[in-house]
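# An overview of the molecular structure
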Amino acid sequence: MTGRLRPPPAVGHAAASLSRTVLGAFWLHEAWVKYHAGFGAADIRLVTSSIAANPRVPDVYRVLGDHLVAPNAGVLGVVVPLLEATLGVLLICGIGTTAAAVVSALTLTVYWQADQLIWEYPPMIVLSVLTVLARPAASTWSLPALFARRGIRRRRNPAPPVPDPPSPAVPAPPVPAPPAPSPTAPSPAGS
């Protein structure tokens, strides 16, 4: 045998599923902290005011903060923790894994660009990217995969077929008799 030893595929699938699940746990933790801290419109306004005063934040965020985020602070105060909780549940269950991981990476990028960086965000971005790169392996250990495996088992061992109920006896149509030989035609055997 030449070359490097590779771990069996199951190890890679388990590692990818674990990274997806850990990312989901991070998102659930973020949502839980926000809900229990009473996160709301005031927190969104605090973020927009810190964006306006921070020279490290790109100008586009200042414009978005003033014209989009601040006027909708009440709605975003509810939507942000709800988005985080939804990402957590989807990632832990493995439902829509690639889409959830992409939304996760984009959300974290928005947070980071708005200078709202906390220690969890860098590992969460790494886990988001790994989950996207490791698709379909990241979905190996997930609810959809579990349901699919159960469905395959049912198809492999199907229930015995149920016989059709007997149909009422219908007589077959009569078969026409072959035409009789004509008396004037010469017989092919004798000539």
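Quantities reported herein were computed from a predicted structural model and do not represent experimental measurements.

How each quantity is defined
- Residues numbered from 1 in each chain as written.
- Predicted model: local features only at pLDDT ≥ 70, side-chain atom pairs only at ≥ 80, totals over all residues.
- Heavy atoms only, no water.
- Helix = DSSP H or I, 4+ residues; strand = E, 2+ residues; numbered from the N terminus.
- Buried < 20%, exposed > 50% of the residue type's maximum accessible area, 1.4 Å probe, protein only.
- Polar contact = N/O pair within 3.5 Å; in protein donor to acceptor, adjacent residues only side chain to side chain.
- pLDDT = per-residue confidence, 0-100.
- 1 Å grid on protein atoms, 1.4 Å probe; cavity = no way out; pocket = protein on both sides within 12 Å on 5 of 7 lines; lining within 4 Å.
- Points joined across faces, edges and corners; volume = space filled by probe spheres on them.
- Nonpolar A, V, L, I, M, F, W, Y, C, P; charged D, E, K, R; others polar.
- Phe/Tyr/Trp six-rings, centres within 6.5 Å; stacked < 30°, edge-to-face > 60°.
- Expected span 1.5 Å × (residues − 1).
- Arc of directions from axis to C-beta.
- Patch = residues over 30% accessible without salt bridge, like charges linked within 9 Å, V, L, I, M, F, W, Y side chains within 5 Å.
- Areas by Shrake-Rupley, 256 points an atom, 1.4 Å probe, with all protein chains shown as cover.
- Salt bridge = Lys/Arg side-chain N within 4 Å of Asp/Glu carboxyl O.
- Lys, Arg positive; Asp, Glu negative; His and termini not counted.
- Contact = heavy atoms within 4.5 Å.

What follows deals with the side chain of Ser17. Among the secondary structure elements, Ser17 is positioned in helix α1 (residues 9-36). For Ser17, a relative accessible area of 4% puts it in the buried group. Among the polar contacts listed, one links the side chain of Ser17 to the backbone nitrogen of Trp141, at a separation of 3.2 Å.

Here the chain averages 84 in pLDDT, while 80% of its residues score no lower than 70. Within the chain, helix α7 (residues 143-156) has the poorest average pLDDT of any element, 72, and helix α4 (residues 73-93) the best, 96.

Quantified by volume, the largest pocket comes out at close to 760 Å³. For the largest pocket, the lining is made up of 28 residues, of which Ile44, Val47, Val80, Tyr111 and Gln116 are closest to its centre. Where the lining of the largest pocket is concerned, the elements lending two or more residues are α1, α2 (41-53), α3 (59-69), α4 and α5 (97-113). Class assignment of the residues belonging to the lining of the largest pocket gives a composition of 20 nonpolar, five polar and three charged.

Moving on, we come to the packing of aromatic side chains. What characterises a pair of aromatic rings is the spacing of the ring centres plus the angle enclosed by the ring planes. For the structure shown, the criterion picks out three aromatic pairs. Ring plane angle 75° and centroid distance 6.1 Å describe the contact between Phe26 and Trp119, whose orientation is recorded as edge-to-face. In this pair, Phe26 sits in helix α1 while Trp119 sits in the loop between α5 and α6 (121-133), placing the two residues 93 residues apart along the sequence. Judged by its relative accessible area of 17%, Phe26 falls in the buried class.

Quick look at α5 now. With 17 residues, α5 should cover 24 Å at 1.5 Å per step; its first-to-last C-alpha distance of 24 Å lies within 8% of that length. Of all the positions in α5, only Thr97, Ala100, Ala101, Ser104, Ala105, Thr107, Leu108 and Tyr111 are classed as buried. Taken down its axis, α5 places every buried residue within 165° of arc, on the same side. Turned more than 90 degrees off the buried face of α5, the exposed positions are Ala99 and Leu106.

What follows deals with a nonpolar patch on the surface. Together, Val75, Val79, Leu83 and Val103 make up a nonpolar patch on the protein surface, roughly 280 Å² of accessible area in all. Per-element tally for the nonpolar patch: the top contributor is α4, with three residues.

The residue Glu120 is located in the loop between α5 and α6 in this model. Within the buried core, Glu120 has no salt-bridge partner, and the shortest N-O distance to an opposite charge, that of Lys34, equals 8.6 Å. Within polar-contact distance, the side chain of Glu120 engages the side chain of Trp119 at 3.3 Å. Leave out the neighbours within four places in its chain, and Glu120 touches Phe26, His29 and Glu30.

Our focus in this paragraph is the pattern of salt bridges. In the structure shown here, the tally under the stated rule is four salt bridges. Two residues, Asp115 and Arg56, come together in a salt bridge whose shortest N-O distance is 2.2 Å. You can see Asp115 sitting in the loop between α5 and α6 and its partner Arg56 sitting in the loop between α2 and α3, a full 59 residues away along the chain. Judged by relative accessible area, which is 27%, Asp115 ranks as partly exposed. Overlapping salt bridges bring together Glu30, Lys34 and Glu84 as one network.

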